[in-house]
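Structural overview for review
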Amino acid sequence: MEHVIRTQGLVKAFGRTQALNGLDLEVGRGEVHGFLGPNGAGKSTTIRVLLGLLRKDGGHATLLGGDPWRDAVSLHRRLAYVPGDVQLWPNLSGGEAIDLLGALRGPVDVGRRDELVERFQLDPTKRCSTYSKGNRQKVAIVAGLASDVELYLLDEPTSGLDPLMETVFQEVVHEITARGGTVLLSSHILTEAEALCDRVSIIRDGRIVEQGTLASLRHLTRTTLHVTTRHPLDGLDGLPGVHDVVTTHDRRAAGFEVEADHLDGVVQHLGGIGVLTLTSAPPTLEELFLRHYGSEPARPDGTDVPATPRPRRARTSR
Amino acid sequence: MTTTRPLAGSWRLVRLAVRRDRTVLPVWIASITVLTWAVVASYAATVPTEADRIATATLSASNPMTRIFDGPASGASLGAMSLVEGYKVFAILTALMSAQAIVRHTRADEETGRAELLGSAPVGRHARLCAALVLVLGANLVLGVTTATAVAANGLAWSGAWAAGLAVAGTGWVFAGVAAVGAQVLSTARGANAVAGGALGVAFVLRAIGDLRGEITDGGLALVSAWPSWLSPLGWGQQIRPFYQDRWWIAGLFVALTAALVAVAAMLTDRRDLGSGMVPARRGPARASRWLISPLGLAWRIQRGVLLAWLVSVAVFGAVLGSMGDTLEDYLAENATVRQMLLSLSPDADLMDLFFALIMALVGLACAGYTVQALLRMRSEEVSGRLEPLLATAVGRRRWLIGHLLIAGAGTVLLLTVSGLASGLTYGAITGHWTEGVGGFLAAALVQAPAALALGGLVLTVFGLLPRLAAPITWSALAAALVMGQLGALLDLPQWLLDVSPFTHVPLVPAEAFTPGPVAALCAAAILLGALGVATFRRRDLVIGA
Ligand SMILES: Nc1ncnc2c1ncn2[C@@H]1O[C@H](COP(=O)(O)OP(=O)(O)OP(=O)(O)O)[C@@H](O)[C@H]1O
Ligand SMILES: [Mg+2]
């Protein structure tokens, strides 16, 4: 796989705050790469280092085959950036800001720009000072996504967008990947990540703690099962990979979580008891993220902190 | 509830404001106090005997330049004389301290969105303005007390010392009120500060006219100012006449004007929405014009408003100063003592040339204020986060910087040219001496440019090396240059210290010959400091957020 972004052992400190702590990130050409992690994990810092806005303290970083700091200007012609909380010049109109940011990067496809202004329902004649948060964000999105470049660095691009605009955004990202563009998408919106990303990296305390395709990450998560049975449920607690068992008084109904690797053993065990109903909530990334977003620090050996029980939306099994 | 209790929550906001300003205001107050103490202390050394004092007081009552710059002579006592000389600088610094603090806690908070956060808490509609005023008016009371103490500490009578404290604190009150109104009318902190700065200029000019046209009394030792001085809060501060008349009733003028300004500000607060000014935003074009799309084009768009405001101000200010020329000529023709005194500054000089040079030295310092403001704009672009998406395009850091440098540099030269022309043309129109007027003022103005640009170089260096401290360091440097230029000789500051100020090295053109050496050195300093700033900025992290 050709890497569009590759960092090895990236380190960045602000005074005593260690923002990046040996970050290894790899983004292949043509993929939409989710970049997820709790507040303050170092996502924006990583992106700013990749943009040459911050200088790394250690490690290696290559971007589109170049050095993000030294080759900043020439690399920027080949990428577009959408910040999460964009600040614009109060006395410029939205249209002027879009044209400015677009044209300073390189040639602008006016048709595409107008199309996106239309699709995002943006009024380009308003002064930037009078835009709402979401509309200001749209200005940055249109300026960034209207350009035809190789790489798009999107740092929480949809913060403040309404659900309708969120959908438009996802469509546009699909169009970009259809053209062969690569996207690094930092986000807190898990449904967005699930809908768009081929692969995700989860960052915590300045290092990557989990990396892989969505399918492989789902594998790490637990499935929630709710069963009612003909005979009393016994021995569930003792089964490997089973957690957080809650049973009714008569022990004929239970809810619990099963690690993906042990699902088979649990189903065999249940088979002997006589299953009346069985519902399972499919594994979602949410659980995995919540585990990594939790307040306890990640363990130094890289193993996951155990999940705490929490209410879950139950869905019927397929 | 916010409409029924408009001041709810004020007290908590006052405590927050005090906490936020716990370094800035004490530093201002301490600096002004120490300066006051030093001015009074040094003055005794320059006029040791009674005879010296009488000679100096007589001269300063009749000398038109002293009248323009220092104000009305008020007798031959040490206290009165030192305060006449020092008040202008104390007053300018106090006005700046007060206006900036008010804007910091009102309009600047609205710009950053902090106010919105507070506005959602149980905080009344007027609470923020009220808290800012309590903080700043209170700080001025403290300053009044410390100033009085500094004066009295030199062994002078407490009554005069209190009068001096009142003059300083009262000035601070009025400019706090001016800034409070400015912060309601204009939608940016920059604009609100500019209103206060403009008011300060107008106040200075009004009292300069009034004092120039005043009448000598008291056996030649004092001046009765003409009515324009009474239109100016800076004039009021001087008319208190500490150690001469101690006119306490002027406190009533300060309080009344401050109260009126506060009432206007409060009324405006009721009539507008949070975040907006009184002037509604218009719509703009849907597309950017070709001129906008370059780092220079954008820098021009960002900077042009400030430059335009400065151009208008210096044109008016210059014209007023130029129009004082004929009165001056008459005085100089009549008064041999004054001629002697002025010639001691520069023996071979033509007196009018000396006038051109001294006036433009002050204007040069004011224009350096523009240079600093325009260059610090780069820092506010960076802090606010607006620079980040720009540098993520194919614009390099140097190209971005150069756009702003060109405008700040060319703007400084343009301002000096316009003020020289405005002074020269009005002077020419009034006296008929066109060539001397225009040539003299223009030369005197333009020779200030290298010094202003050298200060600009310092701004760049600090911007590159210590971005978080860029604004406080460079504004303090400008204030220090003002103190050294106006009070340096009196304070008997060591030459090496005076030499730190670029304005010390500006030749008194056209009274003195143009000396290329110092001017070239200033240009070199500007270029070297500027280059250092560019180089360090290109190597550092972007520092977003204060
Ligand atoms: N300029 C700075 N000075 C000091 N500390 C900083 C600076 N920028 C970031 N940090 C710190 O570095 C860490 C990483 O911040 P970063 O903005 O990269 O987080 P993030 O993952 O983008 O978080 P969020 O999801 O909230 O946007 C945080 O602890 C933050 O406080
Ligand atoms: Mg972030």
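Residues numbered from 1 in each chain as written. Chains lettered and ligands numbered in written order. Predicted model: local features only at pLDDT ≥ 70, side-chain atom pairs only at ≥ 80, totals over all residues. Heavy atoms only, no water.

1. A word on the overall build of chain B
Formally: Helix and strand labels come from DSSP, where a helix needs a run of H or I of at least four residues and a strand needs a run of E of at least two; each type is numbered from the N terminus. Throughout, radius of gyration means the C-alpha value; the globule benchmark is 2.2 Å times the number of residues raised to the power 0.38. Relative accessibility under 20% of the residue-type maximum defines a buried residue, over 50% an exposed one, and the middle range a partly exposed one, all with a 1.4 Å probe and only protein chains included. Two residues form a contact once any of their heavy atoms are found within 4.5 Å. Note on areas: these come from Shrake-Rupley sampling with a 1.4 Å probe, and a residue is covered only by the protein chains present in the view. As used throughout, the charge tally considers Lys and Arg to be positive and Asp and Glu to be negative, leaving His and the chain termini uncounted. Charged groups are reduced to one reference atom each: NZ for lysine, CZ for arginine, CG for aspartic acid, CD for glutamic acid.
Of the regular secondary structure elements, chain B holds 23 helices and two strands. Relative to the globule expectation of 24 Å for 546 residues, the C-alpha radius of gyration of chain B, 24 Å, shows essentially globular dimensions. With the C-alpha coordinates of chain B rotated into their principal frame, the extents come out at 65 × 55 × 40 Å. Evaluated residue by residue, chain B yields a buried proportion of 55% over its 546 residues. Counted over contacts in chain B with a minimum sequence separation of 6, partners at least 24 positions apart contribute 78%. Only carbon and sulfur atoms are counted for the fraction: they give 68% of the accessible area of chain B, which is about 21,800 Å². Separation of charge centres in chain B, based on 38 positive and 30 negative side chains, amounts to 18 Å.

2. Digging into the overall build of chain A
Helices and strands together make up the secondary structure of chain A, namely 10 helices and 13 strands. Put simply, 69% of the contacts in chain A that link residues at least 6 apart link residues at least 24 apart. Put simply, chain A shows about 13,700 Å² of open surface, and 52% of that area lies on carbon and sulfur atoms.

3. Here's the deal with the packing of helix H18 (residues 397-431) of chain B against helix H19 (residues 434-446) of chain B
All names here are of chain B. Where we set the bar: Axis lines are fitted to C-alpha atoms, over the contacting stretch for helices. Their N-to-C directions set the angle, which ranges from 0 to 180 degrees. Orientation categories follow fixed angle ranges, with anything under 35 degrees roughly parallel, anything over 145 roughly antiparallel, 65 to 115 roughly perpendicular, and all other angles oblique. Crossings are assigned a handedness: left-handed for a near helix turned anticlockwise from the far helix by less than a right angle, right-handed for a clockwise turn.
With their axes 8 Å apart at the nearest point, H18 and H19 run at an angle of 155° to one another. By the angle between their directions, the pair H18 and H19 is classed as roughly antiparallel. The interaxial crossing formed by H18 with H19 has right-handed handedness. Facing Val413, Leu416, Thr417, Gly420, Leu421, Ser423, Gly424, Leu425, Tyr427, Gly428 and Ala429 of H18, the residues of H19 in contact are Trp434, Gly437, Val438, Phe441, Leu442, Ala445 and Leu446.

4. As for the interface of chain B and chain A
What counts, and what does not: Here, a salt bridge means any Lys or Arg side-chain nitrogen found within 4 Å of an Asp or Glu carboxyl oxygen. Between N or O atoms, a polar contact is any pair within 3.5 Å; within protein, one atom must be a potential hydrogen donor and the other a potential acceptor, and residues adjacent in sequence are included only when both atoms are from side chains. Each residue gets one label: Ala, Val, Leu, Ile, Met, Phe, Trp, Tyr, Cys and Pro are nonpolar, Asp, Glu, Lys and Arg are charged, and the others, such as Gly, are polar.
The partner chain A presents 40 residues to the 35 residues of chain B that form the contact. Joining chain B to chain A, the criterion identifies five salt bridges. Measuring nitrogen to oxygen at the nearest pair gives 2.7 Å for the salt bridge that ties B:Arg287 to A:Asp114. Our count for the chain B to chain A interface comes out at 22 residue pairs in polar contact (both at pLDDT 80 or more). A class-by-class count of the residues in the side of chain B that touches chain A yields 17 nonpolar, six polar and 12 charged.

5. Brief notes about the packing of aromatic side chains
Residues and elements named next belong to chain B. Stated formally: Note on aromatic contacts: the rings of Phe and Tyr and the six-membered ring of Trp form a pair at centre separations within 6.5 Å, being stacked when their planes are under 30 degrees apart, edge-to-face when over 60 apart, and tilted otherwise. Criterion for a charge above a ring: Arg CZ or Lys NZ at most 6 Å from the ring centre, at most 35 degrees from the ring normal.
In total, this model carries 12 aromatic pairs over all chains according to the counting rule given. Centroid distance Trp230 to Trp249: 5.9 Å. Interplanar angle 10°. Geometry classified as stacked. On the criterion of sequence distance, the pair formed by Trp230 in the loop between strand S2 (222-224) and helix H11 (233-239) and Trp249 in the loop between H11 and helix H12 (250-271) is long-range, its members being 19 residues apart. According to the relative accessible area criterion, Trp230 is partly exposed, its value standing at 29%. Ring-pair connections join several aromatic residues into one group, and the members of that group are Phe355, Phe356, Tyr427 and Phe441. The residue whose ring lies beneath Arg290 is Trp291, and the NZ or CZ to ring-centre distance is 4.9 Å.

6. Description of the packing of helix H8 (residues 127-152) of chain B against helix H9 (residues 158-185) of chain B
Residue and element names in this part refer to chain B. Two numbers describe how H8 lies on H9: the axes approach to 8 Å, and their chain directions differ by 160°. Our classification of the angle between H8 and H9 gives roughly antiparallel. Considering the relative orientation of H8 and H9, their crossing is right-handed. A class-by-class count of the residues in the contact of H8 with H9 yields 19 nonpolar, seven polar and no charged.

7. Things to note about the environment of B:Val145
Checked against the element boundaries, B:Val145 lands in helix H8. Sequence spacing of B:Val145 and B:Pro233 is 88 residues, and the spatial spacing of their C-alpha atoms is 19 Å.

8. Section: the sheet that holds strand S4 (residues 58-63) of chain A
All names here are of chain A. Counted only if it meets this: Whether two strands pair comes down to DSSP finding at least two bridges between them.
Spatially, the three strands line up as an open sheet ordered S2-S1-S4, and their pairing is antiparallel. Looking at the sheet topology across the chains shown, the edges are occupied by strand S2 (17-28) and S4. Strand-to-strand twist of the sheet, defined as the mean angle between neighbouring strand axes without regard to direction, takes the value 15°. Note: strand S1 (residues 3-14) against S4, five bridges, orientation antiparallel. The partner of Ile5 across the bridge, within S4, is Leu63. Against the sheet, helix H1 (residues 43-50) makes contact with S1, S2 and S4, and its axis sits at roughly 65° relative to S2, the strand it touches most.

9. Considering a positive patch on the surface
How we decide: Nonpolar side chains (Val, Leu, Ile, Met, Phe, Trp, Tyr) within 5 Å and like charges within 9 Å form the patches, drawn only from residues with over 30% relative accessible area and no salt bridge.
Where like charges cluster on the molecular surface, the positive patch consists of A:Arg55, A:Lys56, B:Arg398, B:Arg538 and B:Arg539. Inspection of the secondary structure puts B:Arg538 in helix H23 (residues 516-539).

10. With respect to the environment of A:Asp85
Residue and element names in this part refer to chain A. Tracing the backbone shows Asp85 in the loop between strand S5 (79-82) and helix H3 (94-103). As a C-alpha pair, Asp85 and Glu150 span 65 residues in sequence and 23 Å in three-dimensional space. Not counting chain neighbours up to four residues away, the residues in contact with Asp85 comprise Lys133, Arg136 and Gln137.

11. Remarks on the pattern of salt bridges
Residue and element names in this part refer to chain A. This model, assessed by the stated rule, comprises 34 salt bridges over all chains. For Lys12, the salt bridge identified is with Asp57, shortest N-O distance 3.9 Å. Note that Lys12 is positioned in strand S1 and Asp57 in the loop between H1 and S4, a separation of 45 residues in sequence. Note that Arg113 and Asp99 form a salt bridge whose closest N and O atoms lie 2.5 Å from each other. With Arg113 in helix H4 (residues 110-119) and Asp99 in helix H3, this pair connects stretches of sequence that are 14 residues apart. Pair check on accessibility: Arg113 and Asp99 agree, each one buried. Each of Arg112, Glu115, Arg119, Glu171 and Glu175 takes part in a single network of salt bridges with overlapping partners.

12. Description of the site of ligand 1
Residue and element names in this part refer to chain A. Stated precisely, the cut-off is as follows: Only a single heavy atom is needed: when it lies within 4 Å of a molecule or strand, its residue is near that molecule or strand.
Among the 13 residues in the neighbourhood of ligand 1, the closest are listed as Gly40, Lys43, Ser44, Thr45 and His188. Between ligand 1 and Thr45, the relevant distance is 2.5 Å, taken from an oxygen atom to a side-chain nitrogen or oxygen of the residue. When contributions to the shell around ligand 1 are tallied by element, the ones reaching two or more residues are S2 and H1. Looking at the shell around ligand 1, the element that brings in the most residues is H1, giving three residues. Of the residues belonging to the shell around ligand 1, the class tally is four nonpolar, seven polar and two charged.

13. Details of the domain arrangement of chain A
Selection rule: Here the limits of each domain have been adopted from an automatic or database domain assignment.
Domain boundaries in chain A define domain 1 (3-217) and domain 2 (222-281). Centre-to-centre separation of domain 1 of chain A and domain 2 of chain A, based on C-alpha positions: 43 Å.

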